[in-house]
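Letter by letter, the chains look like this.
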Amino acid sequence: MLDYRKVLDQLDSTYTHSFDGERPSNLLCLSVSERYIDSDLKVMVFGQETNDWYGSYSDKHNEQWLKDCYEDFFNSDYCFSYGGQFWNGVSRTIDLLESRTGKSVGLLWNNIIKIGKEGEKGLPNQAILDWQTEAMSFIVEEISLTKPDVVIFFSGPNYDNFLCQIFEDITFMKLSDKTPRQLSLLQSKHLPVMSFRTYHPNYLWRNDINSYVNDIIGFIEVKN
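Cut-offs applied
- Residues numbered from 1 in each chain as written.
- Predicted model: local features only at pLDDT ≥ 70, side-chain atom pairs only at ≥ 80, totals over all residues.
- Heavy atoms only, no water.
- Helix = DSSP H or I, 4+ residues; strand = E, 2+ residues; numbered from the N terminus.
- Rg over C-alpha atoms; globule rule 2.2 N^0.38 Å.
- Buried < 20%, exposed > 50% of the residue type's maximum accessible area, 1.4 Å probe, protein only.
- Areas by Shrake-Rupley, 256 points an atom, 1.4 Å probe, with all protein chains shown as cover.
- Lys, Arg positive; Asp, Glu negative; His and termini not counted.
- Charge placed at Lys NZ, Arg CZ, Asp CG, Glu CD.
- Core = buried A, V, L, I, M, F, W, Y, C linked by side-chain atoms within 4.5 Å.
- Contact = heavy atoms within 4.5 Å.
- Pairing = 2+ DSSP bridges.
- Axes fitted to C-alpha atoms, helices over the stretch in contact; angles between N-to-C directions.
- Parallel < 35°, antiparallel > 145°, perpendicular 65-115°, else oblique.
- Left-handed = near helix turned anticlockwise from the far one by under 90°.
- Nonpolar A, V, L, I, M, F, W, Y, C, P; charged D, E, K, R; others polar.

Participant: An account of the overall build of the protein is requested, with residue identities and associated values reported.
Facilitator: In terms of regular secondary structure, the protein is built from 11 helices and 6 strands. Against the 2.2 N^0.38 benchmark of 17 Å for 224 residues, the protein shows a C-alpha radius of gyration of 17 Å, consistent with a compact globule. Each principal axis of the C-alpha distribution contributes one length, and for the protein these read about 50 × 35 × 35 Å. Scored against the burial criterion, the 224 residues of the protein give a buried share of 54%. Accessible surface, the protein: about 9,900 Å² in total, of which carbon and sulfur atoms supply 47%. If the 21 positive side-chain charges of the protein are averaged to one point and the 32 negative ones to another, these points end up 5 Å apart.

Participant: Can you explain the nonpolar core? Please cite residues and give values.
Facilitator: Within the largest apolar cluster, 75 residues are counted, with the highest numbers of intra-cluster contacts made by Leu27, Val43, Trp109, Ile112, Phe153, Phe167 and Phe196. Counting residues per element, this core draws most heavily on helix α11 (residues 209-223), which supplies 7 residues. Residues in contact with Ile112, not counting those within four places in the same chain, are Phe46, Gly47, Gln48, Met136, Ile139, Phe153, Ser155, Tyr159, Phe162, Leu163 and Ile166.

Participant: Let's hear about the pairing of strand β5 (residues 183-187): which residues, and what values?
Facilitator: Where burial is concerned, most of β5 is hidden: 4 out of the 5 residues are buried. Note: strand β4 (residues 171-174) against β5, 4 bridges, orientation antiparallel. Counterpart to Met173 in the pairing with β5 is Leu185. Inspection of the sheet shows β5 paired to strand β6 (residues 194-198) by 3 bridges, in the antiparallel sense.

Participant: I'd like to hear about the sheet that holds β6, residue by residue, with values.
Facilitator: Across a sheet, strands are paired by hydrogen bonds formed along the backbone, either parallel or antiparallel in direction. Taken together, the 6 strands give an open sheet; going across it, the order is β2-β1-β3-β6-β5-β4, and neighbouring strands pair in mixed fashion. Both outer strands of the open sheet, β2 (105-111) and β4, are each paired with one neighbouring strand and no more. Ignoring which end each strand starts from, the neighbouring axes of this sheet average 30° apart. Where strand β3 (residues 150-154) and β6 come together, 5 bridges link them in parallel fashion. In the sheet register, Ile152 faces β6, and the bridge partner there is Phe196. Packing against the sheet, α11 makes contact with β1 (41-47), β3, β5 and β6, and its axis sits at approximately 170° to β6.

Participant: Give a description of the packing of helix α5 (residues 85-101) against α11 that names residues and reports values.
Facilitator: The contact between α5 and α11 brings their axes to 10 Å, and the two run at 40°. Taken together, the axes of α5 and α11 are oblique relative to one another. Considering only the axes of α5 and α11, their crossing is right-handed. The segment α5 lies against α11, with Gly89, Arg92, Thr93, Leu96, Leu97, Arg100 and Thr101 engaging Ile209, Asn210, Val213, Asn214, Ile217, Gly218, Ile220 and Glu221. Taken together, the residues that form the contact of α5 with α11 break down as 6 nonpolar, 6 polar and 3 charged.

In structure tokens, the structure reads:
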């Protein structure tokens, strides 16, 4: 379904061993599970960037190996035993969504920044960001091919500039009594009608995560 060869070829052809003192990790390549395909409601969630991803990037890549990494970490559900507020927040979101809608939910995980830093957390430097521009642009293709019904960006407002880079026509609309900075309904020709951006779960757990998730689900219920 998803072919990353062109993206990997472009990354390989422009790879350098010097990225202003940082080293990139590997490309996050999605692998679509049967559980996602067969679900009543298909949901793609986005984080910010990986905290390392199976070591350092090198100039030769096997697409299937990268998809197998995704299978081992995410589709196996290992991610939910990995710990951390992000995965706890995703789990809470899916539990509430299934409980309120009565539908089976199929999940895909993605990141706005498709290549993070080797062995480190946080946003990579500008040199790595510039190098992976085509990989980030491929997010539009990932959404087009996997056809999620719902997209949720748990990225926070400080990553909105990257969303504007990926989705050139994106707008951030007020959804509830919360400000658009806290929670936005997103509109773009590249996104499904049920697309949202809110804070990273690190913030949400400290500020009534259920309130944010229930605002999102309320809109989903109206559309379904």
